[in-house]
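Overview (structure and organization)
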Amino acid sequence: MSNISNLNHQILDFATQLKAQDDNFPTLSVLNNDGQIVDEEALKRADLSNDDLVKLFSSMLLNRQLDIRSTKLAKQGRFGFFASTAGQEASQMGTAFAFRAEDWLFPGYRDIPQVVAKGWPIYKAILWSRGHVLGNEFKTEDGQPVNSWFPQIIIGAQYVEAAGVALGLKKREQNAVAYAYTGDGGSSQGDFYEALNFAGAYHANAVFFVQNNGYAISMPRADQTAAAHLAAKGWAAGLPSIVVDGQDAIAAYLAAKEARAWAVSGKGPVLIELLTNRFEAHSTAGDDPLRYRSKEDIADWWKKDPLIRMRKYLTDQGLWSEDQEKETIAQIDARIDADIKKADQVDKQKISDYLKNTLEVPSYVMREQIKKFESEGR
């Protein structure tokens, strides 16, 4: 009787339940802010060769340069909508590095770098930002398919799309997964919960990422939900769910690698919360981060720049140098320059083109409109 009474007492101890939520989600960490390995066993488990580490860091530099150059283009009026990515290079490139060509990516609008990492030409990303139809063609330069959906503008909707494809991959017994990204704001959307529940119920081949970058546009993460950890939301749907240091590219890679292996084996989806931060504005669409966060907060996060810790680690290992970085950035900038030129040379769409691309079979009214605008050369 006393055992039951003690158990009932624990069940009704709500304060202890809240503490237990926090205690049950430690943060996976391999490379600390000083560029030092804190878990040699985890590093060994990641199984990244020296070449892999250099490639991973190079992809992070590409991510940062895309952010810098895209922001400049947007200010010049030569780029469409752009959501900044500075600060999220480890969470984006570290996880993306774990997936394969046959896996299907479902990005949000901040996840252009992951699509580019799968082989999507940069000029098509520029066209996508401008609303050009060719920006929705997902093929490599040589015409090979890029297994990615378009960057989703509707917050969290990519989760539902990924869940459906993940089930299709499972039913077809494909050795592949669907993986999707959203931000902390996306975890407050209904689509988020529905996707986790659906994928979990059917043990679908899915890996879900929440890039907890601190703010849903201007809403601080602490004001969005009372959940101690966003990963806890995955438990409600029966998913293995973990928290990862999102500034640590090696930890991000290890988590994604292990989650992919779990999901592709038929055991069901995994939810990974990445603790990261966006150092800049939410987007180039007029957002001012200083209206909802302090200069001191931003400066503190810049000290946790994922490029700094990865650079220091590789340099200490004799795998990287300042000259190597300058050369890499020069190559990246030359690539971006060529793709900007290519995007600028693409014919602008006419009103009639937009109408033709709206529906596969235009309505009678649309056909009349197309005919009218074409006759006017528009």
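As a reminder, the structure under discussion sits directly above these lines.
Numbers given for residues are sequential positions, taken from 1 along each chain in its written order. Reporting in this predicted model follows two pLDDT cut-offs: at least 70 for local features of residues, and 80 or more for side-chain atom pairs to be given and counted; totals over whole chains, interfaces and linings ignore these cut-offs and use all residues. Computation of side-chain values: all heavy atoms of the structure, hydrogens and water removed.

1. Details of the overall build of the chain
Assigned secondary structure in the chain consists of 17 helices and 8 strands. What the globule rule says is 2.2 Å times the number of residues to the power 0.38, and the radius of gyration is computed from C-alpha atoms. Taken over the C-alpha trace, the chain has a radius of gyration of 22 Å; the compact-globule value for 378 residues is 21 Å, and the two agree within 12%. Between buried and exposed lies partly exposed: a residue is buried under 20% and exposed over 50% of the maximum accessible area for its type, with that area taken using a 1.4 Å probe on protein chains only. Per-residue burial over the chain gives 50% buried out of 378 residues. Here, two residues are considered to be in contact whenever any of their heavy atoms come within 4.5 Å of each other. Here the contacts in the chain between residues at least 6 apart in sequence split such that 74% fall between residues at least 24 apart. Residue burial considers only the protein chains on display, and all accessible areas are found by Shrake-Rupley using a 1.4 Å probe. When the accessible area of the chain is evaluated, it comes to approximately 18600 Å², of which 53% is carbon and sulfur surface. The distance from the centre of the 43 positive side-chain charges to the centre of the 50 negative ones in the chain is 5 Å. Numbering of helices and strands starts at the N terminus; helices are DSSP runs of H or I of at least 4 residues and strands are runs of E of at least 2. Charged residues are defined narrowly, with Lys and Arg counted positive, Asp and Glu counted negative, and His plus the chain ends left uncounted. Lysine's charge is taken at NZ, arginine's at CZ, aspartate's at CG and glutamate's at CD.

2. Description of helix α17 (residues 364–375)
Helix length check: α17 (12 residues) gives 17 Å between terminal C-alpha atoms against 16 Å at 1.5 Å per residue, within 8%. When α17 is considered as a whole, its buried residues turn out to be M366, I370 and F373. The arc that holds every buried residue of α17, seen down its axis, measures 75 degrees, which confines them to one face. Facing away from the buried surface of α17 by more than 90 degrees, the exposed residues are Y364, V365, K371 and S375. Packed against the buried residues of α17 are α16 (351–358). Following α17 by one or two positions, G377 adopts a phi angle in the positive range, close to 75 degrees. To estimate how far a helix should extend, the number of its residues minus one is multiplied by 1.5 Å. Think of the arc as the fan of directions from the helix axis to the C-beta atoms.

3. Brief notes about the packing of aromatic side chains
The rule is short: rings of Phe, Tyr and Trp, with Trp giving its six-membered ring, pair when the centres are within 6.5 Å, and they are stacked under 30 degrees, edge-to-face over 60, tilted in between. If you walk through the whole model with that rule in mind, you get 17 aromatic pairs. Pairing F192 with Y193 gives two aromatic rings, centres 5.4 Å apart and planes at 90 degrees, and the pair type is edge-to-face. On the basis of relative accessibility, which here comes to 0%, the residue F192 falls in the buried class. Members of the aromatic cluster, each reached through a chain of ring pairs, are F99, Y179, Y181 and F209. As a reminder, the over-ring test applies to NZ of lysine and CZ of arginine, requiring each to be within 6 Å of the ring centre and within 35 degrees of the ring normal. The ring of F373 has K372 sitting right over it, with the charged end atom 4.7 Å from the ring centre.

4. So, the environment of N63
Mapped onto the elements of the fold, N63 is located in helix α4 (residues 50–75). Of the residues examined, N63 reaches a relative accessible area of 1% and is grouped as buried. Along the primary structure N63 and I112 are separated by 49 residues, whereas in three dimensions their C-alpha atoms are 8.9 Å apart. Contact partners of N63, with chain neighbours within four places excluded, come to T85, Q88, E89, Q92, M93 and P113.

5. Here we look at the environment of D13
Tracing the backbone through its elements, the reader meets D13 in the loop between α1 (2–11) and α2 (14–23). You can call D13 partly exposed: its relative accessible area is 26%.

6. Observations regarding the pairing of strand β7 (residues 241–245)
Buried residues dominate β7, accounting for 4 of its 5 residues. Looking at chain direction, β7 and strand β8 (residues 270–275) are connected through 5 bridges and run parallel. Of the residues in β8, the one forming a bridge with V243 is E273. With helix α12 (residues 249–267) bridging β7 and its parallel neighbour β8, the resulting β-α-β unit is right-handed. DSSP-based pairing: two strands are paired if at least 2 bridges between them are found. If you view a crossover with the strands going away from you and the path from the first strand over the helix to the second runs clockwise, you call it right-handed.

7. Considering the pairing of strand β4 (residues 206–212)
The buried fraction of β4 is high, at 7 of 7 residues. By the alternation rule, side chains of β4 split into A206, F208, V210 and N212 and V207, F209 and Q211, which are all buried. Here strand β3 (residues 178–183) pairs with β4 via 6 bridges, running parallel. By the bridge assignment, Y179 is partnered in β4 with V207. You can see the chain leave β3, run along helix α9 (residues 190–201) and come back into β4, and the turn it takes is right-handed. Two elements, β4 and β8, share 6 bridges in a ladder whose sense is parallel. Across the sheet, the residue bridging to Q211 is L274, located in β8.

8. Some details on the sheet that holds strand β1 (residues 27–28)
Spatial strand order, β1-β7-β8-β4-β3-β2: 6 strands in an open sheet with parallel pairing. Both outer strands of the open sheet, β1 and β2 (104–106), are each paired with one neighbouring strand and no more. When β1 meets β7, the two strands line up parallel, connected through 2 bridges. Within the sheet, the bridge partner assigned to L28 lies in β7 and is V244. Strands in contact with helix α8 (residues 157–171) are β2, β3, β4 and β8; relative to β3, the strand with the most contacts, it is inclined by about 165 degrees. Along the sheet, α12 contacts β1, β4, β7 and β8; its crossing angle with β8, the most-contacted strand, is approximately 170 degrees. Fitted lines through C-alpha atoms serve as axes, helices being fitted only where they are in contact, and the angles separating the N-to-C directions of these axes extend from 0 to 180 degrees.

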